[in-house]
Amino acid sequence: MRLLSILAAMMLATSAVADGHLPDLEGREIVVVTENAYPPLQFIDGNGDAVGWEYDAMAEIAGRLNATVTYENISWDAMIPAVSEGQFDLGMTGITIREDRAEVVDFSDKYMTSEMVMLVRGDEERFTDAAGFAADEDLLMAAQPGTTPFYVGVYDVLDGDEANPRIKLMETFGATVQALRAGDVDLVLTDGTAGNGYVEASDGGLKIIGEKLGTEDFGFIFPKGSDLVEPINAAIANMEADGTIEALNTKWFLEYKLGE
Amino acid sequence: MIPTSPDDRDFPWWLVAVVAIGLYVFWQVLTVEEYSRVLNTLQRGIWVTIYVTLVSYTMACVLGLLLAMAALSRFLILRQVARFYVEVVRGIPIIVLLLYVAFVLAPAMVAAWNWIAESIGFEPVRTRDFSLLWRAVIALTIAYSSFLAEVFRAGLQSVDQGQIEAAEALGLNRWQRFRFIVFPQALRMILPPLGNDFVAMVKDSSLVSVLGVTDVTQLGKVTAAGNFRYFETYNVVALVYLTITISLSLALRKFEKRMRSR
């Protein structure tokens, strides 16, 4: 036990030296809030543990900045207001960097770029791309309001009208996929990874069609004026430069098998 | 005293069906890996659900009884305050109350506390120190205290006026009349609806998931988001709730029967 802690201390010391140019937060506690509902960024695995790309990245960032992280849970609906009010230091759940959101919270630099894919039922033959979907007035799509798939659906697929009745709004992303499978709607947009997860777990019930749609940059959110933005941006740049981000992408997007 | 409905004499086939389906799903949990993983994840949520239910219900009972006593008080102001509270809270959906307490009342309470704390030299607290779990518990307490206040009020009023007059004639004071005459008799009327509301509270505790409190429902939501299997996940979620609610209902029915036969 003693030996272990000495070893751990030595490792901490060496990493502090190696990243000597990064700010030192001197063990400061960072309260991070997430929902665990966005695989593979953060989710509950088969053993009931909260894991994912963002957990690994946050642990790495904390190690490099000499900070300690504690995690809290909140639903997505409540996350931006709660972080904006300063109830938590940082929010992470694959949040797209958007100007309207930047009015109430500060964003970190992007740590990931996501592309949307079109998820449809396995036997869908009426359309093969976004234009084909938009052209047929009978076809419906489902989305979670205020999320990236919703905005891509409105602005890149349909006509830019956020009140378009062809978008059915649902409370969770999973519910939109269930509505798709049940035949209530004909299209759901999702990022490639989650899309593949659903296709693999569906036994042919779902498939992905067409070209990739609009790209979205993800960032962490902070209360306005937070002094954590600078150090965390430095850590992200540092991890980008030494290949850590790429290694995380390989681990979670290529090697990890979701839903098993 | 309490009428027995005719279907009480029916053999409980419904229970046989429920238990059979429950056992089937439970067998799935034991043998199919997808199912057992779901239950494994939900486990921690079961304790949160039970904790939220028990704490909120206990606090709601205390608050509800105080409100009922206020509603039956000699003083106009107490009666009107109790009436105001009950009518306002009963008229608001629980989910709205929950969001209101979490994001309006809680920050306001923290601000008020800090304003007082500053003047008497206490450390100020931050909104984040007021956990979402406790905000949810407070919201459920407020909501259910208004239901339970009505249950208590009806029970207390059901005691025959003659009994109270007799107690007065015997020289018992107000507290003694309440403690020895009114309350024991009212309890028999109060217990069945009190039990029903307890079972209802188990179900309504699932509303705390909108705040992200990791109860059974919220963990079900995140489990389904991670394993992409809605069918299996919500089968287990429903099984967990049914196990709690039906066994509670049966226990309460047995208890009521014993009370009745006394």
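Data block above holds the structure.
Structure report, in brief. (Residues numbered from 1 in each chain as written. Chains lettered and ligands numbered in written order. Predicted model: local features only at pLDDT ≥ 70, side-chain atom pairs only at ≥ 80, totals over all residues. Heavy atoms only, no water.)

### Focus on the overall build of chain B
Regarding its fold elements, chain B presents 9 helices and 0 strands. Element order for chain B, N to C, with α for helix and β for strand: α-α-α-α-α-α-α-α-α. Overall size of chain B, expressed as C-alpha extent along the three principal axes, is 70 × 65 × 25 Å. The buried share of chain B, reckoned over its 262 residues, is 42%. A total of about 14900 Å² of accessible surface is found on chain B, and carbon and sulfur atoms cover 67% of it. (Helix = DSSP H or I, 4+ residues; strand = E, 2+ residues; numbered from the N terminus. Buried < 20%, exposed > 50% of the residue type's maximum accessible area, 1.4 Å probe, protein only. Areas by Shrake-Rupley, 256 points an atom, 1.4 Å probe, with all protein chains shown as cover.)

### Overview of the sheet that holds strand β3 (residues 42–44) of chain A
Residues and elements named next belong to chain A. Taken together, the 3 strands give an open sheet; going across it, the order is β2-β3-β4, and neighbouring strands pair in antiparallel fashion. Only two strands of the sheet have a single partner each, and these edge strands are β2 (37–38) and β4 (50–51). For β3 and β4, the ladder comprises 2 bridges, and the chain directions are antiparallel. What sits directly across from Ile44, in β4, is Ala50. (Pairing = 2+ DSSP bridges.)

### Concerning the packing of aromatic side chains
Residues and elements named next belong to chain A. Inspection of every chain in the model, using the stated rule, returns 18 aromatic pairs over all chains. Taken together, the aromatic side chains of Phe43, Trp252 and Tyr256 make up a single cluster linked through ring pairs. Here the guanidinium or amino end of Arg98 rests over the ring plane of Tyr151, the centre of that ring lying 3.6 Å away. One residue, Arg166, lies across the ring of Phe133, its end atom 5.1 Å from the ring centre. (Phe/Tyr/Trp six-rings, centres within 6.5 Å; stacked < 30°, edge-to-face > 60°. Lys NZ or Arg CZ within 6 Å of the ring centre and 35° of its normal.)

Nothing here speaks to function; it is geometry throughout.
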